[in-house]
Amino acid sequence: MQDFTYDQPPARIIFGVGAFARLGDEVMRLGARRALVLSTPEQLKEAEEAVRRLGSLAAGIFPEAVMHVPIETARDARAVAKRLDADCCVAIGGGSTIGLGKAIALESGLPIVAVPTTYAGSEMTPIYGLTEDGIKKTGRDLKVLPKAVIYDPELTLTLPPAIAGPSGMNAVAHCVEGLYAIDGNPIISLFAAEGIRALARSLPRVVEAPGDIDARADALYGAWLAGTVLGAVSIGIHHKLCHTLGGTFNLPHAEVHTVILPHAVEFNRKAAPEAMRITAEALGAQDAARGLYDLAARIGARVALKDIGMPADGLERAAELATQNPYANPRPVEYAGVLQLLRNAYNGIRPN
Ligand code: NAD
């Protein structure tokens, strides 16, 4: 047993099929009476449904959330919140919408009720991101951590397999890196292992039978655990590479996670044997890296960077950027090893 510090902020989770019906109760519980509902343009219908459920507790809708929270969108949303005299935000959607809620909370301190509809996990973290002049800056502030999270598997039924699969692998990545985090602890490791187990058993069912509500619930349960892990401990080479590739080459967030994860795990294989053992066991596989690759392939996700928009001549630049200010990681992050990792990921080679 290694020494550890356990320091978890409080969390209020309402989980269940139909839990969305409790939105009004959760807003009132915060003492709020004028909720601003946030969504992407694609999820305006869900935002309108939230307003209908909120009745007189709704102050308005801002359906303009987009990926990576551009500062201009954040400024517009903050202005709307002020103009409507909002006293809380309801963020219904994935990481992009919840990220917009966080941008408002960062400035104003408005509490957030999050209603996540993907598996990205942002609702459980005090991490925010804002993109200005093409550069995404992230930070941590407890102010942006949602005060209540409503997980309703019914809201994920519309998540198409092509988004659900990679989004679930994004959640698996949070769990895997939590197992070898320098500031890990035994409780978070339990969350991480259980998260991998839940996602590994549910994601194939989610993509094969998208209407299976039990599978959707199981995946969302895994996503909650994964988000908790991400919010609690630090991240390593995998997330660093994904942030670099996403930011510099504008690759899609969840897909990058899906492609990189087996290779990041392969990179860390010898340096984190216990994390490898737990990951493999939770996947029901012989080997962690191969098990993750096979899970991604089984859910029909793309497994090569070259298939998700990565330019071949960008690999050296990516390796340079990822090794400049590396996050703490079990194996030292050096250029040659990272370049090899990226080459393998570029070609979608199954780890051996
Ligand atoms: P997203 O929020 O960008 O959503 C992707 C698309 O799917 C959007 O068009 C959205 O409207 C749609 N969608 C979402 N749920 C749906 C549903 N149930 N049915 C149909 N369509 C649905 O994607 P994401 O992967 O959830 O979030 C990615 C963003 O979140 C990135 O910017 C990432 O950096 C950020 N993120 C932040 C944290 C954090 O802790 N701060 C954690 C994870 C991700």
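Throughout this document, residue positions are counted from 1 along each chain, in the order its sequence is written. Side-chain atom pairs in this predicted model are given and counted only at pLDDT of 80 or more, local residue features only at pLDDT of at least 70, and totals for whole chains, interfaces and linings cover all residues. As a convention, hydrogens and water are excluded, and side-chain values are obtained from all of the structure's heavy atoms.

### Observations regarding the site of the ligand
Throughout, the term near means that a residue has one or more heavy atoms lying within 4 Å of the molecule or strand in question. Surrounding the ligand, one finds 23 residues, the nearest of these being Thr-40, Ser-96, Thr-117, Thr-118 and Thr-125. A distance of 3.0 Å separates an oxygen atom of the ligand from a polar side-chain atom of Gln-43. Two N or O atoms count as a polar contact when they lie within 3.5 Å, although within protein this holds only if one can serve as hydrogen donor and the other as acceptor, and sequence-adjacent residues are included solely when both atoms are side-chain atoms. Ser-96 has a polar side-chain atom sitting 2.5 Å from an oxygen atom of the ligand. Here the Shrake-Rupley method, with its probe set to 1.4 Å, supplies the accessible areas, and only the displayed protein chains count as covering residues. Alone, the ligand offers 860 Å² of accessible surface; in the complex the protein occludes 85% of this. When residues in the shell around the ligand are grouped by element, the largest group, 3 residues, is from helix 4 (residues 95-108). By definition, any uninterrupted DSSP run of H or I lasting at least four residues is a helix, any uninterrupted run of E lasting at least two residues is a strand, and each is numbered from the N terminus.

### Observations concerning the packing of aromatic side chains
Two rings from Phe, Tyr or Trp (for Trp, the six-membered ring) form a pair when their centres are within 6.5 Å of each other. A pair whose planes differ by under 30 degrees is stacked, one over 60 is edge-to-face, and the rest are tilted. This model, assessed by the stated rule, comprises 3 aromatic pairs. Relative to Tyr-151, the ring of Phe-15 lies with its centre 5.8 Å away and its plane at 40°, an arrangement referred to as tilted. Separated by 136 residues along the polypeptide, Phe-15 in strand 1 (residues 13-15) and Tyr-151 in strand 8 (residues 148-151) bring together distant segments of the chain. For Phe-15, a relative accessible area of 35% translates into the label partly exposed. Using a 1.4 Å probe on the protein chains alone, a residue whose accessible area is under 20% of its type maximum counts as buried, one over 50% counts as exposed, and one in between counts as partly exposed.

### Details of the nonpolar core
Formed by 101 residues in total, the largest nonpolar core has its most connected members in Tyr-119, Leu-245, Ile-260, Leu-305 and Leu-342. If near-sequence neighbours (up to four positions away) are discounted, Leu-305 is found in contact with Leu-245, Leu-251, Val-259, Ile-260, Met-310, Leu-342, Ala-345 and Tyr-346. What makes a nonpolar core is a set of buried Ala, Val, Leu, Ile, Met, Phe, Trp, Tyr and Cys residues whose side-chain atoms join them at distances within 4.5 Å. Residues count as neighbours in contact if any of their non-hydrogen atoms are within 4.5 Å of one another.

### Regarding the pairing of strand 2 (residues 35-38)
The two faces of strand 2 match: Ala-35 and Val-37 on one face and Leu-36 and Leu-38 on the other face are all buried. Two elements, strand 2 and strand 3 (residues 58-62), share 4 bridges in a ladder whose sense is parallel. From the neighbouring strand, Leu-38 faces strand 3, where its bridge partner is Phe-62. For the crossover that starts at strand 2, traverses helix 2 (residues 44-54) and ends in the parallel strand 3, the hand is right-handed. The rule for pairing is simple: two strands pair if DSSP sees at least two bridges between them. Sheet topology note: the strand 2/strand 4 (residues 88-93) ladder contains 4 bridges and is parallel. Bridged to Leu-36 within strand 4 is Cys-89. Classification remark: right-handed applies to a crossover when, strands pointing away from the viewer, the course from the first strand over the helix to the second runs clockwise.

### Focus on the pairing of strand 4
Of all 6 residues in strand 4, 6 are buried, a share of seventy percent or more. Burial along strand 4 is two-sided: Cys-88, Val-90 and Ile-92 facing one way and Cys-89, Ala-91 and Gly-93 facing the other are all buried. Of the strand pairs in this sheet, strand 4 and strand 5 (residues 112-116) are connected by 5 bridges, and their pairing is parallel. Looking at strand 5, one finds that Val-90 is bridged to Val-113. In this view, the connection linking strand 4 to its parallel neighbour strand 5 by way of helix 4 has right-handed handedness.

### Examining a negative patch on the surface
Together, Glu-64, Glu-72, Asp-76 and Asp-133 make up a negatively charged patch on the protein surface. For Asp-76, the position within the fold is in helix 3 (residues 71-83). Of the residues examined, Asp-76 reaches a relative accessible area of 46% and is grouped as partly exposed. Each patch groups residues whose relative accessible area exceeds 30% and which form no salt bridge, using 9 Å between like charges and 5 Å between nonpolar side chains of Val, Leu, Ile, Met, Phe, Trp and Tyr. The rule for a salt bridge is simple: a side-chain nitrogen of Lys or Arg has to be within 4 Å of a carboxyl oxygen of Asp or Glu. When charges are counted, Lys and Arg contribute as positive and Asp and Glu as negative, whereas His and the chain ends are disregarded. By convention, the charge on Lys lies at NZ, on Arg at CZ, on Asp at CG and on Glu at CD.

### Here's the deal with helix 12 (residues 315-324)
Within helix 12, the full set of buried residues consists of Leu-315, Ala-318, Ala-319, Leu-321, Ala-322 and Thr-323. Where helix 12 is buried, its residues contact helix 8 (237-249) and helix 13 (335-347).

### Observations regarding the layout of surface pockets
The volume enclosed by the second largest pocket comes to roughly 510 Å³. Definitions used throughout: a 1 Å grid over protein atoms alone; a cavity as a set of points that fits a 1.4 Å probe which cannot get out; a pocket as an open set with protein on both sides within 12 Å along at least five of seven lines; a lining residue as one with an atom within 4 Å of a point. Lining the second largest pocket are 20 residues, with Gln-2, Leu-179, Gly-184, Ser-189 and Glu-274 positioned closest to its centre. Secondary structure elements with two or more residues in the lining of the second largest pocket: helix 5 (161-179), helix 6 (186-208) and helix 10 (273-283). Ranked by residues supplied to the lining of the second largest pocket, first place goes to helix 10 with 5 residues. Grid points are joined across faces, edges and corners, and a volume is the space filled by probe spheres set on the points.

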